[in-house]
Amino acid sequence: MKIDNSGLVASLTQSPKERGRPETPQAINIAASLQPTAKTGQNDAVTLTDTAARMQHLERVITAQPVVNNQRVTQLQEIVNEGGPQITSFDLATRMIDFEKDLNNART
């Protein structure tokens, strides 16, 4: 049995408008980069959506942040060295239970 996949190639190279779908201004323009060209050495292009561009920016900002906040670590070390708050196992367990309850409520 012969498999006809000519429609698949045509659907990939047609724009959404040519396929009877409305074009969205924020869509990635893949169809244009897949159009066959007679020129050799022409670069393919992909346009990112605004959301993707913002995500890339946020990723760069986050990766530029230090993993450890040294100022906060120093501040906490001073508090502990000065005999800071004494936390009992009961206090710790209570806070852990409250955290789990809050987390469970946030999921529902």
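Structural notes, computed from the coordinates. On a predicted model such as this, the values are computed, not experimentally measured, just so you know.

Attention now moves to the overall build of the protein. Helix and strand content of the protein: five helices and zero strands. In sequence order, the protein lays out its α and β elements as α-α-α-α-α. With 108 residues in all, the protein has 3% of them scored as buried. On the protein, roughly 10300 Å² of surface is accessible, and the fraction owed to carbon and sulfur atoms is 56%.

Below, the discussion takes up helix 5 (residues 89-107). With 19 residues, helix 5 should reach 27 Å at 1.5 Å per residue; the first-to-last C-alpha distance of 27 Å fits that figure. Within helix 5, only zero of the 19 residues are buried, leaving the element largely exposed.

On the surface, Val67, Val68 and Val73 cluster together into a nonpolar patch covering about 280 Å² of accessible area. One can find Val68 in the loop between helix 3 (50-64) and helix 4 (70-81). We classify Val68 as partly exposed; its relative accessible area is 43%.

Analysis parameters
- Residues numbered from 1 in each chain as written.
- Predicted model: local features only at pLDDT ≥ 70, side-chain atom pairs only at ≥ 80, totals over all residues.
- Heavy atoms only, no water.
- Helix = DSSP H or I, 4+ residues; strand = E, 2+ residues; numbered from the N terminus.
- Buried < 20%, exposed > 50% of the residue type's maximum accessible area, 1.4 Å probe, protein only.
- Areas by Shrake-Rupley, 256 points an atom, 1.4 Å probe, with all protein chains shown as cover.
- Expected span 1.5 Å × (residues − 1).
- Patch = residues over 30% accessible without salt bridge, like charges linked within 9 Å, V, L, I, M, F, W, Y side chains within 5 Å.
- Salt bridge = Lys/Arg side-chain N within 4 Å of Asp/Glu carboxyl O.

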